[in-house]
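If you want the building blocks of each chain, they are given just below.
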Amino acid sequence: MLSVGLCGALAVAMTAAVAQTTLPAPQTDPQIVAALRQISAQRIQSNIEKLVSFQNRSTLSAQDPAAIASGHGVGAAREWIKSEFERYSHDCGGCLEIKTDSFIQTPADRIPNPTEIANVYAVLKGSNPESSKRIVLVSGHYDSRNSDNLNVTDLAPGANDDASGTAVSLECARVLSQLKFPATIIFLTVAGEEQGLNGSSHFAKMAKSAEWNIEAVLNNDIVGGDRSPQQDTGVVRVFSEGVPMAATDAELQRIRNLGGESDSASRQLARYIGEVGRTYDPGVKPLLTFRLDRYLRGGDHISFNEQGYAAVRFTEFREDYNHQHQNVRTENGVEFGDLLKFVNFDYVASVARLNAATLASLAAAPAPPAKVHLLTTKLENDSTLTWEPPPGDRVASYEVLWRATISPDWEHVQAVGNVTRVTLPISKDNVIFAVRAVDNQNHRSLAVTPLPER
Ligand SMILES: [Zn+2]
């Protein structure tokens, strides 16, 4: 039942019992399905082999012209990544802009001398002037290490950690650059991760100070599917922060008061990835893991979380610590080292498909609704939500999502049409709501939870 609300704003009032629809049947975009088929385990394998061939990609390793020419060290890896991005751009008529975010890191905990760190990235600019201001980003770190984080000479193959994530970023760039999207996609590879997230930290601060509207960061770190017997190649973990690292005191208080501990923007991104995993068939299922990262570990998504961006981490189900951060050696018949032979290239390709499907879905979708509010002017059992259309005119309709407060994922969805206000006969005290925008081809935006408004 549609009705025109105050001030001419469209509104919808659902006074009858709401049909508590379960989430809609997956609707795939044929263009995205076709793109996912282009993702190649063989390509990924050859890219990981190439990265391993640089022998030691420590951020502290040589990067002078002689080292680059010899094909050893982090500088040679960086130049090769650039040349790969340039090749993909050549194949799409120059559609990618290849850039380097380079800086001198002053000495720090694990950086004894001033060291140049360079993040290499490719920008697939959005085709719609307004939407192109929105950015979705995929990242992996191309630096590596062995048992000694300061060692720059012995082998540090880093096949899984993190040539696998770098290969995901590269393969997404190769395949998605063949398509056009309204929003912008950035394919990023960073260095300095093993030294203390230095590369990603610099990039995220640069993005924040330039006011980049990064909607989603997909960090892939250790997605090689290590071939240990206990590995589960059917899933990939997706770690997401619950309470935002960048939350202000007022935001923390609201989260405490209203039970918002599992509704950060990063968590909405994780749920979005869960839905993409059900919609497309990437070959691996996202296993949403509701914590920032694993015990004793961190990763580049944290640099983005610190700047207030939604960012998650993809990591294989079961890590083998003998195959990470280790000198290549055999002790008592046990093999140590992050070697090529432990990487499952089909698994990396599946993770790349899940990433590409997420990037493409988000870049094709409208922006999320703006200023989403839940009216709390009086005590009542109905719930009224309001929002504003995002910039641009790509929204065809909106959907309201909700779930029980104890539920990890959205349970119900109500299509409400192209309106900016809805009243549902559901008590806000009993559920958590969110609103998302939908375009005329059923691409859905990230969901936005409402702020209470009195
Ligand atoms: Zn790593």
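Attention here is on the structure that accompanies the text. If you're wondering where the values come from, they're calculated on a predicted model, not measured in any experiment.

1. Thoughts on the overall build of the chain
- What the chain contains, in helices and strands, is 11 helices and 19 strands.
- Its C-alpha radius of gyration of 23 Å places the chain within 12% of the 22 Å reference for a compact globule of 454 residues.
- By its C-alpha atoms, the chain is 70 × 45 × 40 Å across when sized along the principal axes.
- Within the span of the chain, comprising 454 residues, buried residues form 59% of the whole.
- Taking the intrachain contacts of the chain between residues at least 6 apart in sequence as the baseline, contacts between residues at least 24 apart amount to 75%.

2. Description of the sheet that holds strand S10 (residues 311-316)
- Strand order in the open sheet made by the 8 strands is S3-S4-S6-S5-S7-S10-S8-S9, with mixed pairing throughout. On the outer flanks of this sheet lie strand S3 (96-105) and strand S9 (285-289), each paired with one strand and no other. The average angle at which neighbouring strand axes cross in this sheet is 25°, direction not considered.
- Pairing of strand S8 (residues 235-240) with S9, which is carried by 5 bridges, proceeds in the parallel orientation. By the bridge assignment, Val 238 is partnered in S9 with Leu 288.

3. Side note on the environment of Glu 194
- In this structure, Glu 194 sits in helix H6 (residues 193-196).
- You can call Glu 194 buried: its relative accessible area is 5%.
- Along the backbone, Glu 194 and Ser 397 are 203 residues apart, and their C-alpha atoms lie at a distance of 44 Å.
- Polar contacts involving the side chain of Glu 194 include one to the side chain of His 325, which spans 3.3 Å.

4. Looking at the pattern of salt bridges
- Applying the stated criterion across every chain yields a total of 21 salt bridges.
- Between Lys 133 and Glu 130 there is a salt bridge, with the nearest N and O atoms lying 3.3 Å from each other.
- The partly exposed category is assigned to Glu 130, whose relative accessible area is 31%.
- Linking Lys 341 and Glu 335 is a salt bridge whose minimum nitrogen-to-oxygen distance equals 2.5 Å.

5. Considerations on the environment of Leu 339
- In this fold, Leu 339 is placed in the loop between strand S12 (334-336) and helix H11 (345-364).
- A sequence separation of 15 residues divides Leu 339 from Gln 324, and the C-alpha atoms of the two residues are 8.9 Å apart.
- What Leu 339 contacts, discounting residues up to four positions off in sequence, is Pro 157, Ala 159 and Val 328.

6. Section: the side chain of Asp 161
- As for its placement among the helices and strands, Asp 161 is situated in helix H5 (residues 159-176).
- Buried charge without a salt bridge: Asp 161, with Arg 297 as the nearest opposite-charge side chain at an N-O distance of 4.5 Å.
- At a separation of 2.9 Å, a polar atom in the side chain of Asp 161 contacts the side chain of His 325.
- Setting aside its immediate chain neighbours within four residues, Asp 161 contacts His 141, Asp 143, Ser 144, Glu 194, Asp 221, Ile 222, His 325 and Asp 338.

Analysis parameters
- Residue numbers run consecutively from 1 along every chain, following the written order of its sequence.
- Where totals are concerned, whole chains, interfaces and linings use all residues; where local detail is concerned, this predicted model gives features only for residues with pLDDT of at least 70, and gives and counts side-chain atom pairs only at 80 or more.
- Note that the side-chain values use all heavy atoms of the structure and ignore hydrogens as well as water.
- Comment: elements are numbered from the N terminus, with helices defined as DSSP H or I runs of at least four residues and strands as E runs of at least two.
- In this treatment the radius of gyration is a C-alpha quantity, and the globule benchmark scales as 2.2 Å times the residue count to the 0.38 power.
- We call a residue buried when its accessible area falls under 20% of the maximum for its residue type, exposed when it is over 50%, and partly exposed in between, using a 1.4 Å probe and counting protein chains only.
- The criterion used for residue contact is that any of the two residues' heavy atoms lie within 4.5 Å.
- In short, DSSP must find at least two bridges between two strands for them to pair.
- To obtain each axis, a line is fitted to C-alpha atoms, and for helices this fit is confined to the stretch in contact; angles are then taken between N-to-C directions over 0 to 180 degrees.
- Polar contact is defined as a pair of N or O atoms within 3.5 Å, subject to the rule that within protein one atom must be able to donate a hydrogen and the other to accept it, and that residues adjacent in sequence are counted only when both atoms are side-chain atoms.
- Any Lys or Arg side-chain nitrogen located within 4 Å of an Asp or Glu carboxyl oxygen qualifies as a salt bridge.
- We treat Lys and Arg as the positive residues and Asp and Glu as the negative residues; His and chain ends play no part in the count.

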